[in-house]
There are 4 protein chains.
Amino acid sequence: MQTLGNYLKLTTFGESHGKAYGGILSNFPAGITLDLEKVQQALNRRRPGQSPIVTQRNESDTVELLSGIFEGKTTGMPIGFIIRNENQRSKDYTHLENALRPSHSDYTLEEKFGHRDYRGGGRSSARETSNWVVAGEICRQLLPSVSITAYVSGVGTITLDKEWQQLDFSLREENPVRCPDPEKAQEMEELIRKVRKEGDTVGGVVSCVVENVPKSLGEPVFQKLHAQLGHAMLSINAVKGFSYGSGFLSAQMRGSEHNDIFNEDFTTRTNHSGGIQGGISNGMPITFQVAFKPVATLLRPQQSYTISGTPTTLEGKGRHDPCVVPRAVPVVEALAAFVLADMYLINQGRKIEL
Amino acid sequence: MQTLGNYLKLTTFGESHGKAYGGILSNFPAGITLDLEKVQQALNRRRPGQSPIVTQRNESDTVELLSGIFEGKTTGMPIGFIIRNENQRSKDYTHLENALRPSHSDYTLEEKFGHRDYRGGGRSSARETSNWVVAGEICRQLLPSVSITAYVSGVGTITLDKEWQQLDFSLREENPVRCPDPEKAQEMEELIRKVRKEGDTVGGVVSCVVENVPKSLGEPVFQKLHAQLGHAMLSINAVKGFSYGSGFLSAQMRGSEHNDIFNEDFTTRTNHSGGIQGGISNGMPITFQVAFKPVATLLRPQQSYTISGTPTTLEGKGRHDPCVVPRAVPVVEALAAFVLADMYLINQGRKIEL
Amino acid sequence: MQTLGNYLKLTTFGESHGKAYGGILSNFPAGITLDLEKVQQALNRRRPGQSPIVTQRNESDTVELLSGIFEGKTTGMPIGFIIRNENQRSKDYTHLENALRPSHSDYTLEEKFGHRDYRGGGRSSARETSNWVVAGEICRQLLPSVSITAYVSGVGTITLDKEWQQLDFSLREENPVRCPDPEKAQEMEELIRKVRKEGDTVGGVVSCVVENVPKSLGEPVFQKLHAQLGHAMLSINAVKGFSYGSGFLSAQMRGSEHNDIFNEDFTTRTNHSGGIQGGISNGMPITFQVAFKPVATLLRPQQSYTISGTPTTLEGKGRHDPCVVPRAVPVVEALAAFVLADMYLINQGRKIEL
Amino acid sequence: MQTLGNYLKLTTFGESHGKAYGGILSNFPAGITLDLEKVQQALNRRRPGQSPIVTQRNESDTVELLSGIFEGKTTGMPIGFIIRNENQRSKDYTHLENALRPSHSDYTLEEKFGHRDYRGGGRSSARETSNWVVAGEICRQLLPSVSITAYVSGVGTITLDKEWQQLDFSLREENPVRCPDPEKAQEMEELIRKVRKEGDTVGGVVSCVVENVPKSLGEPVFQKLHAQLGHAMLSINAVKGFSYGSGFLSAQMRGSEHNDIFNEDFTTRTNHSGGIQGGISNGMPITFQVAFKPVATLLRPQQSYTISGTPTTLEGKGRHDPCVVPRAVPVVEALAAFVLADMYLINQGRKIEL
């Protein structure tokens, strides 16, 4: 049950301080020419150590593709891959063998499984998302005309108030925060630096826009496109909320202002629907928002208890992100690409050509 | 793929103006004594016509259980059930055969399937949620000590600012809005009446608290408890957002204020985690929020187009809810009960007794 | 987990003496015109009481289709249906409340579930296969050019030695045994009558030929077409074996005689492969064989024990088939049609049209 | 869809001449101490080159376990593993780029996927079964008291007529054929040597006995234990038939001789049921049979065609097995162990402890 997807399947494994991460992408169509360098480039965008405001853990995050590709093209067979762990400073974690970190999964994993790899959070580490970036980039190449852009729209109380249409996405990668508004990006970066200096962390929001979406993605009732996206995004470590289109704001609106009136070509004048109606894409841009809590590992003392109930003081010694949203951007894009590809392939199954 | 659940499965069918709704609940354990009257009572809470502020469609919503129960107890076999449609005034919809209603699924279903039952939204009607209430109430009886309470916490701009601990849930059913704060409930009801008079609709928020939750529900990575809840809630008609615990607010917080510090017994002093850490229940109350957009069917004229592109004016003639949240309360509870039961049974599978 | 299929899903319910059987066929494509009378006709072929050599239980087996069809065509939405039980002479079974019938599921269900509907075998009754016939006939109409013909090729030691190409399938329905060789059919019928007079039962074999099969059905490794067929056939009550093409005989052959040499058009000179190579249909006729044990309910005394361990003598009083294969023929065809349709739709999903 | 299992999941990848095979075993319970050497030993039993009568391809088949195990015990997290390919003499296959080998998957893969890794059969190679042996041996350690013994019971027309109770299983590994009857083993080995000398191949049968089986494994209707076993066995390369208990012979028997009469302790006097009644294990030994066709690759000329339709003569040059059944024995055991573990875990999910 550590599998994502309905028709297309991503099954993964890996622990923060184990030998390797890896995964199998099944049911990907045959005959697709893959640009494997782009897969590595996508991983590099998620990589630790890429800028001064992210964790300094030193991992090359090199993916090795093991199957399913022959002479540069997919064969329709499962695509297996691994990413070796390199810089496991497991000693940073020995003190955690017994102490339970607040707002981590330490306690719940201990209760549920009895036995766990406590080093660096084990299976709960966000390093798992590197598997998703590999799969997501491959999926992106299945839908080359679709444009998926995630960006940081909030860090702490600094929020980007502009509509996405007013933003210049080409500016996004020019700052380490991945916010396409240079001024806001500057403020956000400063906040992250300040917070880090204080040994603290801060939450944030990632927004995502998908342009040039095929119509008819998503299945009625229990496989609605936004519910699939929501499930995927809520699977990312530290995510606390998901909304699409008008989101939580819609709860305060009237139907007469919220309804998206059609143009003659069945585009809509407004897009409160966020590109999805009845769970199915209508061809308008898909928009959604993902809220991330502040990272739970602090570089300052926190009170806690050992498993046996002895009080203890805990202080993060590892190399951690003061704010996850800059590195979450490629993860959000990867999962969006995966979900869209999955829904695209399911939809193909419906087409009868007899 | 019109199935919900992982171990426990709910598969459903039905259209607004077809012969019947119904479903099959599979993998429910044997030997559970069911109170079948409670199942009907749960349905009655969702029923149209129950109060002046909901749709006046006249349906008794009587469930007939067809299998899987013998001498009052479950047998472990699939529980099949149907709910006959009675009051199908399909003529209300004949004008819709060609006109596409804004912010409905009319256009996307038409594009995706070519052929659709357009009467009353067909498969997209929220009448489908009556199936979920049947299954949810059965699941609730599997976990009798767990207490699931959903309530309306927002209608339009009127929002309930109190923490759930300050509310008296016993007051919830004493008003048609299902808000446990009598004063706010009064304001909300007045707003709904006003909006209806204007032929308009309004959105709202349903909050939910689950008390006395077993620990260890939820599976790492792709079956996190909150992602399962999110997926289920986002499947409800008109839902635009889902968050749990501190939700979108967490994005603005620091780790040092957000972290839930342990007490000696591993309860936590605060509960920003909303009872879920690393995707697994920690025994604290589970809290989540669901945002509903305003109903798209208005009893006032709207401009639109027929499928062939002719401009037309559309005016809802059916019997519709001006605000869905009061009737959504039992649906949210039903889905929560289903997800918890599903995760509970999956967790049982892990236990080895050799 | 009472669901059959991979892309196409059939989920069912029902007990022999419960209120009704029924099922939901999900993910069936939209826009297919269905001949609903043919669905009932298929059920009639499986119906009890249709000839003197089958059980005389009196059931009309009338199917009611409840959803997913609008104006005679499928809508892509789940097709729900029920078949009411009518002639439940549950009193025939009261003596079974405690006595465990040999070679039935009485003991294993009791051990596994603790609580069971013992009347007529409850969920284990072969009446469940009526659900499959409904779904199978609908699937058959999805693939109208494919011809699926099952027939009785063995009853006890009387076996049909002719190759299927030598048989005139039009003669199959002219005898109650459903064997297309009139002489053998006569012998088989006499054997069944004799066995019934003795209060005994007898086993048999159903063979099946699928002509005009689309190529490329079946997926490598764990969804091979023959493994899907095998799984489905082994799900039929009383089935003890499944083989395809050269079957168990192949174990005695040399590669040089067994290999199917290609013709220029990639048909093959022989068809030991039974139309399936590497788990994928190659366009040649698919052939397979299904072995059925003798019915376990005898109309003569058998020694057994009650659940509490008291010795008892048991004698079937219900209305039972002395040999199941004649009525199994439409069931084998139905499941074959379902599996082929499922594999057909999965294969469609692979096709990229960007 | 390259996944086996229902609760427990095995997802795999790999091609004969790709970089590596590998897999992910998900949902395996936590806290199980694994003997990792036994996993390698199981692989060694399947390894090429182990005796003079099997293929001489030189592969060490060394498994590397990458995750899910910590301090010698499982963590409940996915167990990822890889087996690197070493001795890929891909040049043996260059002549196959265009020629289609009879009774292989060359033609069907070509038709289905358009693009394929033709080297050594690519994904269709039986090397995939090494993945299954890894997973199966881990599963075997979950059910340590269960004893699974497969053995060769037929090679060509030489068949073992003894009941399994008359055999001394300790003699099985003392001959390269893996037949526990030394005399028959001798005959079989001679036949295989003779056939190989002739550049030909021969089929065979593997029988399997599972002793000390827990009761209650298997789920009614579509997850019957024998149907799960049948599906798994039919997934093995070259398998043409599966039967359990009395198998195809049952078709010729009367109910009065076939029924398994109970003893007072609910064991049965006979075991025609093969340990499974109504799809659920009854605690008696499980017995089943698997028929393998002769290997399709011959070391003698065969006529065929290139993809473009040009006649050509084909002659196997690779290193191939003249008869697969000796090396299939550990594969049959591995899949049986997997299926039993899967059904065991599903059954656990049903148990309520509230």
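From a predicted model like this one, the values you see are computed outputs, not experimental measurements.

### Describing the UniProt feature "binding site: NADP(+)" (unreviewed entry) in chain A
Residue and element names in this part refer to chain A. The sites that UniProt annotates as "binding site: NADP(+)" (unreviewed entry) are Arg 46. Structurally, Arg 46 is set in helix H1 (residues 36-46). Taking the relative accessible area as the measure of exposure, Arg 46 reaches 3% and is therefore buried. Residues in contact with Arg 46, not counting those within four places in the same chain, are Asp 61, Ala 126, Arg 127, Thr 129, Ser 130, Val 133, Arg 327, Pro 330 and Val 331. Here Asp 61 takes part through its side chain, which lies 3.4 Å from a polar atom of the side chain of Arg 46.

### Observations concerning the relation of the copies chain B and chain A
Relating one copy of the chain to the other takes a rotation about an axis and a shift parallel to that axis. The two copies are related by a screw operation: chain B maps onto chain A through 180° of rotation and 0.0 Å of translation along the axis, at an RMSD of 0.0 Å. The two molecules are tied by a two-fold rotation axis, judged by turn and shift. Counting the interface residues of chain B, we find that 100% of their copies in chain A are interface residues as well, pointing to one common contact surface.

### Structural notes on helix H2 (residues 106-113) of chain C
Of all eight residues that make up H2(C), six are buried, and the element is covered over most of its length. Against strand E4 (30-33) and strand E7 (73-75) of chain B together with strand E13 (276-277), strand E14 (280-281) and helix H7 (325-349) of chain D lie the buried residues of H2(C). Immediately downstream of H2(C), the backbone of Gly114(C) shows phi near 75°, a positive value.

### Points about the interface of chain B and chain A
The interface of chain B with chain A comprises 105 residues on the first partner and 106 residues on the second. Buried surface at the junction of chain B and chain A, both sides included, amounts to about 8,200 Å², of which 60% is carbon and sulfur. Contact with chain A buries area across many residues of chain B, yet Lys112(B), Phe222(B) and Lys240(B) alone supply 11% of it, more than any other trio. Among the salt bridges present, the one from Glu198(A) reaches Arg254(B), with a minimum N-O distance of 3.1 Å. One can count 45 residue pairs in polar contact (both at pLDDT 80 or more) joining chain B with chain A. Partitioned by chemical class, the residues of the side of chain B that touches chain A number 39 nonpolar, 47 polar and 19 charged. Both strand E12 (residues 239-244) of chain A and strand E12 (residues 239-244) of chain B contribute to a ladder of three bridges, which runs antiparallel. The residue bridging Gly241(A) from the neighbouring strand is Ser243(B), located in E12(B).

### Regarding the packing of aromatic side chains
Evaluation of the coordinates by the stated rule reveals 38 aromatic pairs over all chains. The interplanar angle of 85° and the centroid separation of 5.4 Å between the aromatic rings of Phe70(B) and Tyr118(C) together place this pair among those described as edge-to-face. Within this pair, whereas Phe70(B) is found in strand E6 (residues 69-70), its partner Tyr118(C) is found in the loop between H2 and helix H3 (129-142), the two belonging to separate chains. Accessibility classification places Phe70(B) together with Tyr118(C) in one group, the buried group.

### With respect to the UniProt feature "binding site: FMN" (unreviewed entry) in chain A
In the numbering used here, UniProt assigns the "binding site: FMN" (unreviewed entry) feature to Arg123(A), Ser124(A), Ser125(A), Asn237(A), Ala238(A), Gly278(A), Lys293(A), Pro294(A), Val295(A), Ala296(A), Thr297(A) and Arg319(A). Spatially, the listed residues are scattered: they cover 197 residues, and their C-alpha atoms lie as much as 43.7 Å apart. Here Arg123(A) lies in the loop between helix H2 (106-113) and helix H3 (129-142). The exposure class assigned to Arg123(A) is buried, which follows from its relative accessible area of 3%. If we skip the residues at most four places from it in the chain, Arg123(A) touches Gln2(A), Thr12(A), Phe13(A), Gly14(A), Glu15(A), Tyr21(A), Glu128(A), Val221(B), Met77(D) and Pro78(D). Here the side chain of Arg123(A) touches Gly14(A) through a polar contact of 2.9 Å, landing on its backbone oxygen. By relative accessible area, Ala238(A) is classed as partly exposed at 23%. Non-local contacts of Ala238(A), meaning those with residues more than four positions away in its chain, are made with Ala291(A), Phe292(A) and Lys293(A).

### What about the nonpolar core?
Within the largest apolar cluster, 354 residues are counted, with the highest numbers of intra-cluster contacts made by Phe288(A), Phe288(B), Phe288(C) and Phe288(D). Residues in contact with Phe288(D), not counting those within four places in the same chain, are Val206(D), Ser207(D), Cys208(D), Leu229(D), Met233(D), Phe242(D), Ser243(D), Tyr244(D), Val332(D) and Ala336(D).

### Remarks on the interface of chain C and chain A
Accessible area lost when the parts come together is the quantity often used to give the size of an interface. Between chain C and chain A, the residue contacts involve 21 residues of the former and 21 residues of the latter. For the interface between chain C and chain A, the tally reads two residue pairs in polar contact (both at pLDDT 80 or more). Sort the elements by how many residues they give to the side of chain C that touches chain A and helix H7 (residues 325-349) of chain C lands first, with five residues. For the side of chain C that touches chain A, the per-class residue count stands at 14 nonpolar, four polar and three charged.

### Side note on the packing of H3(C) against H7(C)
Helix packing geometry: the angle between the two helix axes and the distance between the axes. All names here are of chain C. With their axes 7 Å apart at the nearest point, H3 and H7 run at an angle of 50° to one another. If you check the angle between H3 and H7, you find them oblique. Here the hand of the crossing between H3 and H7 comes out left-handed. Seen from H3, the contacting residues are Thr 129, Trp 132, Val 133, Gly 136, Cys 139, Arg 140 and Leu 142; seen from H7, they are Pro 330, Val 331, Glu 333, Ala 334, Leu 335, Ala 337, Phe 338, Ala 341 and Leu 345. Within the contact of H3 with H7, the residues separate by chemical class into twelve nonpolar, two polar and two charged.

### Some thoughts on unusual backbone geometry
Its identity as a non-glycine residue notwithstanding, Ser103(C) has a phi of 55°, on the positive side. Of note, Ser103(C) is situated in the loop between strand E8 (79-84) and H2. Exposure remark for Ser103(C): the relative accessible area of 5% places this residue in the buried category. Phi at Phe266(D) takes a positive value of approximately 70°, unusual for a residue other than glycine. Relative to the helices and strands, Phe266(D) is located in the loop between helix H6 (255-258) and E13.

Calculation criteria
Residues numbered from 1 in each chain as written. Chains lettered and ligands numbered in written order. Predicted model: local features only at pLDDT ≥ 70, side-chain atom pairs only at ≥ 80, totals over all residues. Heavy atoms only, no water. UniProt positions renumbered as here; feature names shortened; annotations may be inferred. Helix = DSSP H or I, 4+ residues; strand = E, 2+ residues; numbered from the N terminus. Buried < 20%, exposed > 50% of the residue type's maximum accessible area, 1.4 Å probe, protein only. Contact = heavy atoms within 4.5 Å. Polar contact = N/O pair within 3.5 Å; in protein donor to acceptor, adjacent residues only side chain to side chain. Least-squares fit on C-alpha atoms with pLDDT ≥ 70 in both. Buried area = accessible area lost by both parts, 1.4 Å probe. Salt bridge = Lys/Arg side-chain N within 4 Å of Asp/Glu carboxyl O. Nonpolar A, V, L, I, M, F, W, Y, C, P; charged D, E, K, R; others polar. Pairing = 2+ DSSP bridges. Phe/Tyr/Trp six-rings, centres within 6.5 Å; stacked < 30°, edge-to-face > 60°. Core = buried A, V, L, I, M, F, W, Y, C linked by side-chain atoms within 4.5 Å. Axes fitted to C-alpha atoms, helices over the stretch in contact; angles between N-to-C directions. Parallel < 35°, antiparallel > 145°, perpendicular 65-115°, else oblique. Left-handed = near helix turned anticlockwise from the far one by under 90°.

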